[in-house]
Amino acid sequence: MQGLNEQSVDTIRSRQIAAIKQAINFNEPVPDSLAYEPQWKVLILDKFGQDVISPLLNVKQLRDLGVTLHLLVTSRRESLPDVPAVYFVSPNDENIKLICADLEKNMFYLNMIYPLSRPRLEMLAQSAVTGSSVQQVQKLMDQYLNFISLEDDLFVLRRYNEESDLSYHAINDPDTTAEKMTSVIDTIVDGLFSVCATMGVVPIIRCPKGYGAAEEVATKLDQKIRDNFRDARNNLFTMENIRAGQMNVHRPVLIIADRGMDLATMLHHTWTYQALIHDVLDLDLNRVTMVDKQGKRKQYDMSANDKLWQQNKGNAFPEVAEAVQSDVDEYRKNEDKIKNLKKAMHMEDEADEAVSMLSDATSKLSSTVGSLPELLEKKQFLDLHTSVATAVLDHIKQRKLDELFETEEKILNRQPPDTPLIDLMKVCTEPMDALRLMLINYLCTPNVSKAEIEEQCAYLQELGVDNSAVKFVQRLRSFSNMHRTSEDHQGAGTKTVSMFSKLLNHSSRFVMEGVKNLVPKKHNLPLTKMVDSLIDTRSTGGQSTSTTDEFRYFDPKLMHSSASREAMKNRPGHMAQDVIVFVVGGGNYVEYQNIAEYGKAKGLTRITYGTTEIATPRQFTDQVSIVNIEQTKGDAILTSFSSRTKSVMIHLRQDGVGDGDRREV
C-alpha cells in the first residue's frame, strides 16, 4: 500500500510558504541559486498578515528574502527613499485608507491577502490619481492567502479570539441576523477557496445534509469555483497558472463538517502532548507562552525542525516524558565525552605514548566539534521540552488530569464510571473541570435522570459556576438525536502499561509518582468515522448506502448540479488518496491528530485537517455558556439548530429553494 511521502507531496504549509516568499520577492519566483542577492525592502503588515506569516517564516528567513524591516500598517512610518515597500494586508476600509495616505512615500508592491473589492480598488486608484502618485504603485496583486498554516497538514481560517465571527458561539447565536450569517458563510467560503487555489486543486465536495452552516458553505464554495472556471482570464486552476497543483492523478475530496456533530471531543480532557499543551498552557500560532515558578513570562516556538516535537506531539504524555528523558540522558553522554577528551589533551605521560594518544584524542575532538552546532540545537530543543513538559506535568498532578481522562474515556465508550459522577466532580480541583466532566457525561450517556442533573447543577452552583452551558446542552439535546455521540465514540478507552522505566529514578527530571501511565486505545473519533465512510467506498462498489445518502455531493468541474448527483450514483468504488477535512465552528488538536493517524494507517497520499479556528476546551465551554437560548424564543429556533444558519436556511425555504436549485441570499 502506498504510504505517506512528505518529501514528494506538496503540503498546504509548503505551498503557502512558497506563495508568501514570491509575494515578498515582488511577485517573482525566488531563485534557488546560492548566488542570489535579494533586493532590500520594507515589509508592511496588518495583524492578520502577521498571523499568517508568523508560523511560516522567522526573522532570519525574512532577512534572507531582503526584508530589512517589518512594520504594522497602523504604525507611524517615515519615508525611505529608493527602498521599495511590500504590503501584505487585508483589503479592508481601514487598511486602504492607510495605504492611500502612504502613496507618496515609496515605491509600492501591494499584496492583498484576499481579493480587493471594486469599490476599494476605485478608492485606491482615485487617491493615487489625486496625489499624482500613480507611478509609485508598481504592482497590485490578490494573493488568496487568507488562512493560517500551522502544520504541514493543519490550517485554520483565523486565530482564535473572543470576538471572532467564526466561533461556535457566533455561528450558533440565535440573535445573529440573516445578513450577519451570510457574511460569516462568505468569509468561510472565501477562506476555503483560497486553500483550494493555494494547493492548486479542484476538489469533489461532500457535506452532511441538514447541517445548515456546513451545507451552505459547500453549496457556495461549489458555485464560487464554478464561477472561477468561467472566467478564462483569471482562472486560478489552469495548468498555466503558477499555483497549479502537482497532484493530478487523484481528485481531492473536501469534506465539510459541522461542529454540532460532536461537541464532546471539544470538551474532553486529553492525554496527548500537543493537545495537553493547548489545554493547560497557552499554545497560539505554534508558540507556547507560560509563566515559570519565579513568575517570569517565557515563550517557546514549536519548530518544524524539532524532531522530538514532530515525532511525539501526538503521543500520550508518559511516552513523551520518556522520550525527553532519553534524549536528556543521551545529551549528557555526549557532554561527558567532550569533557573526557579535553582532559586527554593535557595528559603528562611518556612523550611517544602521549603524542599517539593526543593525536587520537584530537581526531575524536575534531569529530565532536564538527557536530557541535547540531548538538547545541538539540540542547536548545531539550531545554524547551524539559520546561514545557515539566509545566504540563505540574498541571496533571494539580488537576488530576490523568484520572479525568480515564473517566471520560469510559463515559465515551459507554462504560459507567466506578464512582458516582457527583463524587468525581467533587474531586476536581478546578470548577471548570467539573463542568466539562458533567457536560461530557450528559452528552454521551443515553439515560441521565433528572435527579442526577439537579444534584450536579446544585454542586456547580456551590462552586460559583454558571449553568448556562448545561441549559444549552439540555435544550439542544431535546431537539436532536445527540445520544448517538456515545455510539460514535465506541472504541475509546485506556490501557495501563508497565510502570515508567526511566521516570521513577532520582536522576529523572520528571517525577511521575502518583500519575497513571495511561495509553489511549486507538479508535476513530466521530469526524474520522464520517471521513472513512465517505472516502472508502470499495466495500460498497461505489453504490449509495443509507450512510452515504446522508451526505451531499458537489463536483465543480461538472456543468450542472444534476450532473453531480448523477456522477455520485455512477461513481466506482475507490479509496480517495487526497483528502481535506474542514470543520465549521471550531476544531482542536485531538481531532487533528486522529485524522492524521487515520491517514497514515490508510496509507493516504495526503490528508489535511482544517477548521475555522482552534479553541481550547475552556474557550469552547465559555462559548457554549454564552449562547443565550431564551425559553421565549421557542422550538422554532432550535429546529435547525445543528448550526446557526437559521435565518439563512429559513429564508431559503420561504423562497421555495430546494436542494437542486440554491440561490444566493
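Here the structure is shown first, and the text comes after it.
What counts, and where the lines are drawn
Residues numbered from 1 in each chain as written. Predicted model: local features only at pLDDT ≥ 70, side-chain atom pairs only at ≥ 80, totals over all residues. Heavy atoms only, no water. Phe/Tyr/Trp six-rings, centres within 6.5 Å; stacked < 30°, edge-to-face > 60°. Lys NZ or Arg CZ within 6 Å of the ring centre and 35° of its normal. Axes fitted to C-alpha atoms, helices over the stretch in contact; angles between N-to-C directions. Helix = DSSP H or I, 4+ residues; strand = E, 2+ residues; numbered from the N terminus. Parallel < 35°, antiparallel > 145°, perpendicular 65-115°, else oblique. Left-handed = near helix turned anticlockwise from the far one by under 90°. Contact = heavy atoms within 4.5 Å. Buried < 20%, exposed > 50% of the residue type's maximum accessible area, 1.4 Å probe, protein only. Arc of directions from axis to C-beta. Pairing = 2+ DSSP bridges. Right-handed = clockwise from strand over helix to strand, strands pointing away.

Geometry of an aromatic ring pair is reported as the spacing of the ring centres plus the angle between the planes. The final tally for this structure, using the stated rule, is 12 aromatic pairs. Clustering of aromatic rings is evident, with ring pairs tying together Phe-147, Phe-155 and Phe-582. Looking at Lys-224, its charged tip hangs above the ring of Phe-193, at a distance of 5.3 Å from the centre.

So, on to the packing of helix 15 (residues 401-412) against helix 17 (residues 431-444). One can describe the packing of helix 15 onto helix 17 by two numbers: an axis separation of 9 Å at closest approach and a directional angle of 15°. Overall, the two elements helix 15 and helix 17 adopt an arrangement that is roughly parallel. Here the hand of the crossing between helix 15 and helix 17 comes out left-handed. Contacts between helix 15 and helix 17 involve Leu-404, Thr-407, Glu-408, Ile-411 and Leu-412 from the first element and Asp-433, Leu-437, Ile-440, Asn-441 and Cys-444 from the second.

When you line up the elements, Ser-90 lands in the loop between strand 3 (85-89) and helix 4 (93-102). Those residues in contact with Ser-90, other than ones at most four positions away along the chain, are Asp-46, Phe-48, Asn-95, Ile-113 and Tyr-114.

Those residues of helix 4 not exposed but buried are Asn-95, Ile-96, Ile-99, Cys-100 and Asp-102. The buried side chains of helix 4 occupy one side of the element, clustering within an arc of 160° when seen end-on. Pointing more than 90 degrees away from the buried face of helix 4 are the exposed residues Lys-97 and Ala-101.

Attention now moves to the sheet that holds strand 15 (residues 551-554). On the basis of which strands lie adjacent, the open sheet formed by 7 strands has the order 6-7-17-16-9-8-15 and mixed pairing. Strands with a single pairing partner mark the edges of an open sheet, and in this sheet they are strand 6 (148-151) and strand 15. With direction set aside, neighbouring strand axes in the sheet form an average angle of 20°. Across 3 bridges, strand 6 lies against strand 7 (residues 154-156) in antiparallel orientation. Bridge assignment links Ser-149 to a residue of strand 7, and that residue is Phe-155. In the packing of helix 23 (residues 589-602) onto the sheet, the strands contacted are strand 6, strand 7, strand 16 (578-584) and strand 17 (606-611), and the crossing angle to strand 17 comes to about 165°.

Before going further, it helps to examine the side chain of Asp-279. Here Asp-279 shows up in helix 10 (residues 273-280). Ignoring any residue separated from it by four or fewer positions in sequence, one finds Asp-279 in contact with Arg-436 and Pro-617.

Before going further, it helps to spend a moment on the sheet that holds strand 10 (residues 282-284). Backbone-to-backbone hydrogen bonds join strands into a sheet, with any given pair of strands oriented parallel or antiparallel. Within the open sheet, the 3 strands sit side by side as 10-11-12. Their pairing is antiparallel. Each having just a single partner strand, strand 10 and strand 12 (297-301) make up the two edges of the open sheet. Taken pair by pair, the neighbouring strands of this sheet meet at an average axis angle of 20°, ignoring direction. Pairing analysis gives 3 bridges linking strand 10 to strand 11 (residues 287-291), with the strands arranged antiparallel. What sits directly across from Asp-284, in strand 11, is Arg-287.

Right, let's get into unusual backbone geometry. Excluding glycine, a negative phi dihedral is what most residues carry, and trans is how most peptide bonds are arranged. The backbone of Ser-132 sits at a positive phi, close to 55°, despite the residue not being glycine. Relative to the assigned elements, Ser-132 resides in the loop between helix 5 (118-130) and strand 5 (137-142). The residue Leu-285 is not glycine, and still its phi comes out positive at about 55°. Residue Leu-285 is classed as buried on the basis of its relative accessible area, which comes to 12%.

Turning our attention to the pairing of strand 3. With 5 of 5 residues buried, strand 3 lies mostly within the body of the structure. The alternating pattern of strand 3 places Ala-85, Tyr-87 and Val-89 and Val-86 and Phe-88 on opposite faces, both of which are buried. As paired elements, strand 1 (residues 41-45) and strand 3 share 4 bridges and run parallel to each other. Of the residues in strand 3, the one forming a bridge with Leu-43 is Val-86. Bridging between strand 3 and strand 4 (residues 108-112) involves 5 bridges; their strand directions are parallel. Note on strand 4: the bridge partner recorded for Val-86 is Tyr-109. What joins strand 3 to strand 4 is helix 4, and the crossover it makes is right-handed.

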